[in-house]
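# Geometric and topological summary
What follows is the residue order along each chain.
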Amino acid sequence: MRRLRILAAVIALALVSWSCQRLELYESSTSVNLNLNVDMTLELDLNLAIATDIENDFPHIFKPAKPEYMEALFYDMNSHQLVYSHIISSEGGKVSVAPGNYNIVIYNINTESTQVSNLQDQKTAEAYTTDITKSMAGKFKAAVTNAGTTSNGTKGETKGYEDDPIIYEPDHLFIAHEDNIHIPSFEERDKNVVVHATAHTILDFYSLEVIGIKGTENIDKVEAFITGQIKSNYFALEERSNDPATLYIEGMKVDKENGRIYTVFGTFGKLAGADNHIYLDITVTNTDGGQYRYIYDVTDQFEKDGNNRLVIYDNIEIPAGEMGGGGLAPEVGDWEDETVDIPLG
């Protein structure tokens with residue numbers, strides 16, 4: 001009887017082994033090799049009217065440090081929601097994602113002034129810079145409120161620039177887009193998934209010169225405000241916002257030999273709209289703390305296709321340090337016809 005029970009058990013085990021087949025297990029994710037190139041060249045005509053070594057004068061624009069790390073964002077093609085994010089080197093790397101179809105956005109994470117937010121949705125992922133301090137903004141907004149405006153020498157409607165936020169200048173944000181990327185399922189697992197992408201800066205760059213300045217040896221500091229700019233960039237969709245902002249340029253360089261001040265700056269772009277006037281508002285502080293304000297309408301130069309050089313010829317003089325300054329009541333003139341210098345207290 002005992003032998004019969006043992007024999008029955010052996011037969012049962014054999015039947016079980018014959019009825020089972022070995023199934024190969026597949027991973028739920030696929031390895032993707034991101035081959036990344038960061039294009040750091042700046043192919044713009046930024047040569048100054050008076051030649052200088054601007055590449056060495058402004059290394060943060062022309063010679064930025066190559067990003068060490070990037071973040072790769074995988075968005076669902078239909079919902080535009082973020083599904084995966086991976087930190088990779090600026091050369092690329094391997095990441096694992098589930099099979100599916102994605103829009104891939106890659107950006108550098110080593111920026112100083114440029115920030116990003118709202119990454120969960122491809123339609124709202126935004127690059128921006130913070131507003132300047134209230135005390136700095138207050139001085140500019142008070143001046144704009146009290147200033148008249150002209151366009152090509154004709155009195156025009158005052159633009160309410162005092163209501164626009166004043167933002168710091170953005171630094172390079174290098175972005176790569178690769179849309180409709182298919183990541184194969186396990187049935188296609190023999191495929192080698194390689195994605196090639198090149199990241200470019202999303203900023204526009206301009207050179208700016210004011211030529212014809214006397215008394216440059218008396219200049220201690222130069223600050224500039226540029227109205228009619230865009231506040232942010234929806235970089236995951238390659239779209240710019242419609243929100244206005246005034247760009248703050250902390251310091252322009254002084255060329256004593258040639259009687260000029262100059263700079264190169266980056267912006268998210270010019271605000272669209274025929275009624276948008278762009279004013280360059282410069283405050284010069286002399287060695288005694290006296291401040292002098294000069295306002296120019298540079299709309300035509302900004303709107304000229306392919307022009308990234310703003311050149312203003314004027315005839316102004318910065319007094320020596322014994323002057324203390326006066327009240328703040330400037331007027332805005334067309335840069336070709338008139339410049340108003342107002343001592344500030």
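Everything that follows concerns the structure shown earlier in this document.
This text gives an overview of the structure that appears in the document. As the structure is a prediction and not an experimental result, all values here were calculated from the model. In every chain, residue numbers begin from 1 and rise along the written sequence. Since the coordinates come from a predicted model, pLDDT governs what is reported: local features require at least 70, and pairs of side-chain atoms require 80 or more to be given and counted, while whole-chain, interface and lining totals use all residues. Each side-chain value is derived from all of the structure's non-hydrogen atoms; neither hydrogens nor water enter the calculation.

All right, on to the pattern of salt bridges then. Think of a salt bridge as a Lys or Arg side-chain nitrogen and an Asp or Glu carboxyl oxygen that are within 4 Å of each other. Here the structure, examined in full by the defined rule, presents five salt bridges. Among the ionic pairs, K66 bridges to E91, the shortest N-O distance being 2.8 Å. One end of the pair, K66, is in the loop between α3 (59-62) and β2 (69-76); the other, E91, is in the loop between β3 (82-89) and β4 (92-97), with 25 residues separating them in the sequence. Across the salt bridge formed by R240 and D204, the nearest N and O atoms sit 3.0 Å from each other. Of this pair, R240 sits in strand β16 (residues 239-240) while D204 sits in strand β13 (residues 204-214), and the two are 36 residues apart along the sequence. Connected via shared salt-bridge partners are E209, D255 and R260. Elements are defined by DSSP. Helices are runs of H or I of four residues or more, strands are runs of E of two residues or more, and each kind is numbered from the N terminus.

Turning our eyes to something else, we now look at the environment of G273. For G273, the position within the fold is in the loop between β19 (260-267) and β20 (279-286). Per-residue accessibility, obtained with a 1.4 Å probe over protein chains only, is compared with the maximum for each type, and a residue is labelled buried under 20%, exposed over 50%, and partly exposed between these values. Residue classification places G273 among the partly exposed residues on the basis of a relative accessible area of 33%. As a C-alpha pair, G273 and N242 span 31 residues in sequence and 9.7 Å in three-dimensional space.

For the rest of this paragraph, the subject is the sheet that holds strand β22 (residues 309-317). Spatially, β18-β19-β13-β22 is the arrangement adopted by the four strands of the open sheet, whose pairing is mixed. In this open sheet, the two edge strands, each paired with only one partner strand, are β18 (253-255) and β22. Here the average twist between neighbouring strands, direction ignored, is 20 degrees. Two strands pair if DSSP finds at least two bridges between them. Helix axes are fitted to C-alpha atoms over the stretch in contact, other axes to C-alpha atoms as well, and angles between N-to-C directions run from 0 to 180 degrees.

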